Amino acid sequence: PVVGFPKFYLSTDGVDIAPAKKVDCTFTVSVAGKTIATASATSDITEVPERGGGTFKCTTKALELEKKIPTKVDVEIKDDQGATVGCNRSFSFP
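Below is a short write-up of the structure. (Residues numbered from 1 in each chain as written. Predicted model: local features only at pLDDT ≥ 70, side-chain atom pairs only at ≥ 80, totals over all residues. Heavy atoms only, no water.)

Here we look at the side chain of Asp 79
Moving on, step 1. Assignment of secondary structure puts Asp 79 in strand 8 (residues 71-79).
Moving on, step 2. No salt bridge is formed by the buried Asp 79; the nearest opposite charge belongs to Lys 78, separated by 7.9 Å.
Moving on, step 3. Setting aside residues up to four positions removed in sequence, Asp 79 forms contacts with Asp 16, Ala 20, Lys 22 and Val 23. (Helix = DSSP H or I, 4+ residues; strand = E, 2+ residues; numbered from the N terminus. Buried < 20%, exposed > 50% of the residue type's maximum accessible area, 1.4 Å probe, protein only. Lys, Arg positive; Asp, Glu negative; His and termini not counted. Salt bridge = Lys/Arg side-chain N within 4 Å of Asp/Glu carboxyl O. Contact = heavy atoms within 4.5 Å.)

Right under this line is the structure:
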């Protein structure tokens, strides 16, 4: 959360395999099936040879979102090699 404002940063982190060097993350936020916000972030992959690739962390700009309302966040991650993965989670912002 952003202290004193109804804004929140969304982030995701993970591991990708070599030879990927960068990931693009797209966050889609919806309430009751209606999209209320979309944001993108890009992250370089930090090499971690013992993992066979590297780690990344994507963080959005601050998004104005309602507190205490069931909210679904879909995340799609695509690396510079064309591999794509997605996930989603429903929760309420504090």
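Points about the side chain of Thr 12
Moving on, step 1. Take Thr 12: it is sitting in strand 2 (residues 11-17).
Moving on, step 2. A relative accessible area of 15% places Thr 12 in the buried class.
Moving on, step 3. Apart from the residues lying within four places of it in its own chain, the contact partners of Thr 12 are Cys 25, Phe 27, Phe 56, Lys 57, Cys 58, Val 75 and Ile 77.

Some details on the sheet that holds strand 5 (residues 46-48)
Moving on, step 1. Strand order across the open sheet formed by three strands is 2-6-5, with antiparallel pairing between neighbours. With one partner strand each, in any of the chains shown, strand 2 and strand 5 form the two edges of the open sheet. Ignoring strand direction, the axes of neighbouring strands in this sheet form an average angle of 25°.
Moving on, step 2. As paired strands, strand 5 and strand 6 (residues 53-59) are joined by three bridges and run antiparallel to one another. Bridged to Glu 47 within strand 6 is Gly 54. (Pairing = 2+ DSSP bridges. Axes fitted to C-alpha atoms, helices over the stretch in contact; angles between N-to-C directions.)

Considerations on the state of the cysteines
Put plainly, two cysteines are in a disulfide when a covalent bond ties their sulfur atoms together.
Moving on, step 1. Here the structure, examined in full by the defined rule, presents one disulfide.
Moving on, step 2. Here Cys 25 pairs with Cys 58 through a disulfide, and the sulfurs are 2.1 Å apart. Between Cys 25 and Cys 58 the sulfur-sulfur dihedral comes to about 60°; the bridge is accordingly right-handed. Of the two residues, Cys 25 is situated in strand 3 (residues 22-31) and Cys 58 in strand 6; the sequence distance between them amounts to 33 residues.
Moving on, step 3. For Cys 25, a relative accessible area of 1% gives the class buried.
Moving on, step 4. On the accessibility criterion, Cys 58 (0% relative accessible area) is buried.
Moving on, step 5. With no disulfide of its own, Cys 87 has Cys 25 as its nearest cysteine by sulfur position, at a separation of 9.6 Å. (Disulfide = S-S within 2.5 Å.)

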